Amino acid sequence: IIAFLESLGMAAMTQRALLLLHLLTSVGAEPTNPVGHANCPCVEWPALDTYRNSDSTLKYSPGSSTTSYPYPESYGALNCLAHDAGLDPFCNRDNPPAWCAQEWCFVDKNACSGVQSYSSSLFPLANAYYSYETCGNSNSFQSWYQSSEGSPLGSAIDILEGYLWSARNLLEDEYIRLASNNQYCDYEEMCGCLECEENEAWKASVDFGTVGAYIKQSTESGLKKTLSCLIKGVSQTYSKTAAKESEAGKRVGYQYMGDQLGGSTAWWPNIEWCAGDYDPRLRPWYAAGSTGPKDVVIVVDVSGSMQKNGRADLAQQATLTLLDTLEWKDYATIILFNSGIYAKYSSILVSVDDCTRAKMKEWVLEQMWADGGTNFQVAVNEAFDVIAQSVKMGNTSMCQKAILFLTDGNSEFMVEDYDKVQTSSERYDVTFFTYALGTGANAEVCKNLACQTGGVFYPVPDGGDLSHIMSQYYAFFAAGQEKCTSSFTSYDDIVTGTRLWPACLPFYDRREGQPHLLGVNCMDVNMLADPVDLKNQNDGWEEFVCKISDMTKKCQASYLTECQKEKIRLAYSVSSMCSSTISAEQCPCLDRTVPCEDDETYIDELGYFCDTWVGDDCEKGQEEWGYTFDGVIELVQKCRRSCGKCPWTAGACPYSEAYSCQGHSFSAQSTKCRACQTDKISGIDIEGKPMCCSSQAGSSCEKNPVTCDASSSANKAVSISQTATLSVTGSVLMLSATRAFLQSA
């Protein structure tokens, strides 16, 4: 099979097959310990009888008791076997988790010495324990690392992808099944964790046998029922994954999810921690996982009228909250205006890594937030000037761009001003999200700016939850995108302070023709191995960083019709709608009869990958950017999705369910870093270093991540960022949006 795939040039599929074969080597082969380790033998667990059907099969019910699956009478008993292989609901599907193919058995935890066992989340009332270790299984990464001649860090990415896809499929299937659910499911809460015990490695009170959850008290009753059962369902696959991969809490690392509708969350392991006002939608991992990269200009009115009704405080807090939705892959700045430009964080966009975010927040807190008059024109013009200069200098994600415009005031905006906005927004692919705060704000101008650029207008009353409203702008982009590969980030754990490296993948409600964001599901690299050890001991670290940076920085094409945008506006307010005639219409969706995916390996004649064309008009490649006629033809053929060429259905969407990543195939093992394939790469990697091909002969890639000078001022931070960017973009000849030719520095 491998030889056949290679003969067809299907390298990605070949690598996936190799990894799958490696993980499946135990199936049909003799286990290392057929009946378990001598210090922890396999047993038949009598208490499971409470779960037996009349024919002696076991009855497993995920999430709630409305659905059950029969498991073999001998499930888990007496022998080390891959007991889960082929069983519903986890292992009888595409992309099953790796533990489906691994041997394990039930054990008596009181009779086990030096072998780790875990409580069964599938049969909680039986007080049953099981173990992979007693059957000779180590975690997938260690096993692959010890036996493979390939890149073990590349395999780590693929292992994470496999787990995240299996959890995504489960969450999406369970959500559909629970749509008519009318009961609560039991789940373990974090705050007041009864079984948590202090762990030396975690320096916290932890229960490795359960998943802990936090559902906000304000969550609507019906949604709370659905979430409780969704959490119970995913906790069972989280627990099995942890038993296979976590090595009994030797290092800090989580599996977790956050939901879009209510802001609730669930983590493995359960940990004694009271969430308070914690909202996963404002955590780095959630924003990183839900959408692709973006450029954001935050424009805030700080005129004298902002003193009224605490508006200045609301605006300042909303700006701070917005910064928490931005990540290293995103570029942003802040403009404060009154009758002129009162203050500006930077003249060009900056990558929002942890250090820059902290400096931006410090800068926000230092500003005066209520003084002077109001001038919309100067603020809007400045925002476009920043975008134009950033594109010219290469300080851009090369993806979607948004201007978030907040005002409580009134200012004239002439026809020529709207014309300028129209021209600039089309040139740079900019969407306006506008917020009219209080009763005195000029709602007409705000609404026109949003409607003219395909965005959303939000009227916000005094005292409204401005932070939450403004921070949900990224959900608009998520509505038109479907992410098919994970995004990576790195941040300090809010509980233990440990540096975590999560891979995150969104999951969707697919009950209609267009998918809707339900939440984000993550698994830390730390679950497989300590990232510090990986960096210190493995010469593939730079390639690993390059690959996960490529995956995360990939632009995501957004497909939303005006009909679908109107539905999004209506979900907030009738007054947000741009037209009063669309609300009752059934929207079209993408036509599935016409294949419409990019060729992920294609590089155009000037050295660019398909996704860098998101937001640009591919058909103007010859007249505006110097491509040949044949080059443009090939570009449109190879990059249909990124060029916006996917066709819509004629009329209402005929499909009852949304399709899942049509034509998607990915393998990190067989993928080369983009910096090794073209010099048309801009920006930084996840460690803040210039994108670089470390495996290329004669390369002089920066080895050490950029360090944060916490004592430096915001102005110094901007200066450093601009200098770093110039060094990155010296070899970039052409950039997205304008794609104007530049001379090499």
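Reading guide: rules and limits
- Residues numbered from 1 in each chain as written.
- Predicted model: local features only at pLDDT ≥ 70, side-chain atom pairs only at ≥ 80, totals over all residues.
- Heavy atoms only, no water.
- Helix = DSSP H or I, 4+ residues; strand = E, 2+ residues; numbered from the N terminus.
- Buried < 20%, exposed > 50% of the residue type's maximum accessible area, 1.4 Å probe, protein only.
- Areas by Shrake-Rupley, 256 points an atom, 1.4 Å probe, with all protein chains shown as cover.
- Axes fitted to C-alpha atoms, helices over the stretch in contact; angles between N-to-C directions.
- Parallel < 35°, antiparallel > 145°, perpendicular 65-115°, else oblique.
- Left-handed = near helix turned anticlockwise from the far one by under 90°.
- Contact = heavy atoms within 4.5 Å.
- Nonpolar A, V, L, I, M, F, W, Y, C, P; charged D, E, K, R; others polar.
- Pairing = 2+ DSSP bridges.
- Core = buried A, V, L, I, M, F, W, Y, C linked by side-chain atoms within 4.5 Å.
- Phe/Tyr/Trp six-rings, centres within 6.5 Å; stacked < 30°, edge-to-face > 60°.
- Lys NZ or Arg CZ within 6 Å of the ring centre and 35° of its normal.
- Patch = residues over 30% accessible without salt bridge, like charges linked within 9 Å, V, L, I, M, F, W, Y side chains within 5 Å.
- Salt bridge = Lys/Arg side-chain N within 4 Å of Asp/Glu carboxyl O.
- Lys, Arg positive; Asp, Glu negative; His and termini not counted.
- Charge placed at Lys NZ, Arg CZ, Asp CG, Glu CD.
- Polar contact = N/O pair within 3.5 Å; in protein donor to acceptor, adjacent residues only side chain to side chain.
- pLDDT = per-residue confidence, 0-100.
- Right-handed = clockwise from strand over helix to strand, strands pointing away.

**So, the overall build of the protein**
Reasoning step 1: If you tally the helices and strands in the protein, you get 19 helices and 26 strands.
Reasoning step 2: Per-residue burial for the protein yields a buried fraction of 59% across its 745 residues.
Reasoning step 3: Of the accessible surface of the protein, which amounts to about 29,300 Å², a share of 49% is contributed by carbon and sulfur atoms.

**Structural notes on the packing of helix α9 (residues 376-393) against helix α10 (residues 415-428)**
Reasoning step 1: Packing of α9 against α10 brings their axes to within 11 Å, and their N-to-C directions diverge by 20°. Viewed along their axes, α9 and α10 adopt a mutual orientation that is roughly parallel. As α9 packs across α10, the resulting crossing turns out to be left-handed. Residues Q377, V380, N381, F384, I387, A388 and V391 of α9 touch α10, and the partners they reach there are D417, K420, V421, S424, S425 and Y428.
Reasoning step 2: Residues of the contact of α9 with α10, tallied by class, amount to seven nonpolar, four polar and two charged.

**So, unusual backbone geometry**
Reasoning step 1: A cis amide bond links D88 with the next residue in sequence, P89, at an omega value of 0°.
Reasoning step 2: By secondary structure assignment, the location of P89 is in the loop between β4 (69-71) and β5 (105-107).
Reasoning step 3: Cis geometry is found at the peptide bond from W268 to P269, where omega equals 0°.
Reasoning step 4: Look at N309: it is not a glycine, yet its phi comes out positive at around 55°.
Reasoning step 5: Topologically, N309 is positioned in the loop between β15 (294-301) and α7 (311-323).

**Some remarks on the sheet that holds strand β7 (residues 129-131)**
Reasoning step 1: If you trace the three strands from one edge of the open sheet to the other, you get β5-β7-β6, paired in antiparallel fashion. Every other strand in the sheet has two partners, leaving β5 and β6 (118-119) as the edge strands with one partner each.
Reasoning step 2: In this sheet, β7 lies alongside β5 in antiparallel orientation, the contact comprising three bridges. By the bridge assignment, F106 is partnered in β7 with Y130.

**Topic: the nonpolar core**
Across soluble globular proteins, you tend to see nonpolar side chains buried next to one another.
Reasoning step 1: In terms of nonpolar packing, the biggest core is built from 140 residues, with F123, F433 and Y473 touching the most fellow members.
Reasoning step 2: Excluding anything up to four places from it in sequence, F433 contacts A402, I403, L404, F405, V456, Y458, Y473, F476 and F477.
Reasoning step 3: If you look at the next biggest cluster of nonpolar residues, it comprises 29 residues, including V299, F432, A441 and L449.

**Examining the packing of aromatic side chains**
Reasoning step 1: For the structure shown, the criterion picks out 42 aromatic pairs.
Reasoning step 2: Ring centres of W104 and Y130 lie 5.6 Å apart, and the angle between their planes is 70°; this geometry places the pair in the edge-to-face category. In this pair, W104 sits in the loop between β4 and β5 while Y130 sits in strand β7, placing the two residues 26 residues apart along the sequence.
Reasoning step 3: Exposure remark for W104: the relative accessible area of 1% places this residue in the buried category.
Reasoning step 4: When its relative accessible area of 2% is taken as the criterion, Y130 is described as buried.
Reasoning step 5: Residues W285 and Y286 carry aromatic rings whose centres are separated by 5.9 Å and whose planes lie at 65° to one another, so their mutual orientation is edge-to-face. Across this residue pair, the class does not change: W285 and Y286 are buried.
Reasoning step 6: Between the NZ or CZ atom of K240 and the centre of the ring of W104, over which it lies, the distance is 4.3 Å.

**Focus on a negative patch on the surface**
Reasoning step 1: A cluster of acidic residues, D186, E188, E189, E195 and E197, forms a negative patch at the surface.
Reasoning step 2: Overall, E195 belongs to the exposed group, its relative accessible area being 57%.

**Re the packing of α10 against helix α11 (residues 443-452)**
Reasoning step 1: Two elements in contact, α10 and α11, have axes separated by 10 Å at closest approach and are oriented at 30°. For the element pair α10 / α11, the angle class is roughly parallel. With respect to the hand of their crossing, α10 and α11 are arranged in right-handed fashion. Counted together, Y418, V421 and Q422 of α10 and E444, V445, N448, L449 and Q452 of α11 form the full contact between these two elements.
Reasoning step 2: Along the lines of polarity and charge, the residues of the contact of α10 with α11 split into four nonpolar, three polar and one charged.

**Things to note about the environment of K638**
Reasoning step 1: With respect to the helices and strands, the residue K638 is situated in helix α18 (residues 629-638).
Reasoning step 2: Taking the C-alpha atoms as reference points, K638 and F609, 29 residues apart in sequence, are found 9.9 Å from one another.
Reasoning step 3: Apart from the residues within four sequence positions on either side, K638 is in contact with E597, D598, D599, Y602 and C610.

**Quick word on the side chain of D611**
Reasoning step 1: Inspection of the secondary structure puts D611 in the loop between α16 (562-572) and α17 (621-625).
Reasoning step 2: The exposure class assigned to D611 is buried, which follows from its relative accessible area of 3%.
Reasoning step 3: Only 3.0 Å separates the side chain of D611 from the backbone nitrogen of C555, close enough to count as a polar contact.

**Here we look at the pattern of salt bridges**
Reasoning step 1: Enumeration over the complete set of coordinates arrives at 33 salt bridges.
Reasoning step 2: Across the salt bridge formed by K547 and E543, the nearest N and O atoms sit 3.3 Å from each other. Of the two residues, K547 and E543 both sit in helix α15 (residues 541-553), four residues apart, roughly one turn of that helix.
Reasoning step 3: Taking relative accessible area as the criterion, K547 reaches 6% and is therefore assigned buried.
Reasoning step 4: Close ionic contact of D679 with K680 constitutes a salt bridge, the shortest N to O distance being 3.1 Å.
Reasoning step 5: Sharing partners across several salt bridges, the network here consists of E327, D354, R357, D492 and R499.

**Quick word on the sheet that holds strand β14 (residues 270-271)**
Reasoning step 1: Read across the open sheet, the three strands follow the order β9-β10-β14; overall the sheet is antiparallel. Two strands bound the open sheet, and with one partner strand each, they are β9 (197-199) and β14.
Reasoning step 2: Inspection of the sheet shows β9 paired to strand β10 (residues 204-207) by three bridges, in the antiparallel sense. Within the sheet, the bridge partner assigned to N199 lies in β10 and is A204.

**Thoughts on the confidence of the model for the protein**
The predicted coordinates should not be examined in detail at positions where pLDDT is low.
Reasoning step 1: Per-residue confidence for the protein averages 85 on the pLDDT scale, and 86% of its residues sit at or above 70.
Reasoning step 2: Across residues 1-30 the pLDDT falls below 50, and counting only partners more than four positions away or on other chains, this stretch makes 37 contacts in the model.
Reasoning step 3: Counted against residues more than four places away or in other chains, residues 712-745, with its pLDDT under 50, gives 76 contacts.

**A look at the pairing of strand β21 (residues 456-460)**
Reasoning step 1: Counting buried residues in β21 gives four out of five residues, a clear majority hidden from the surface.
Reasoning step 2: Handedness of the crossover is the feature at issue here: the chain leaves strand β20 (residues 430-437), passes through α11, returns alongside β21, and the resulting connection is right-handed.

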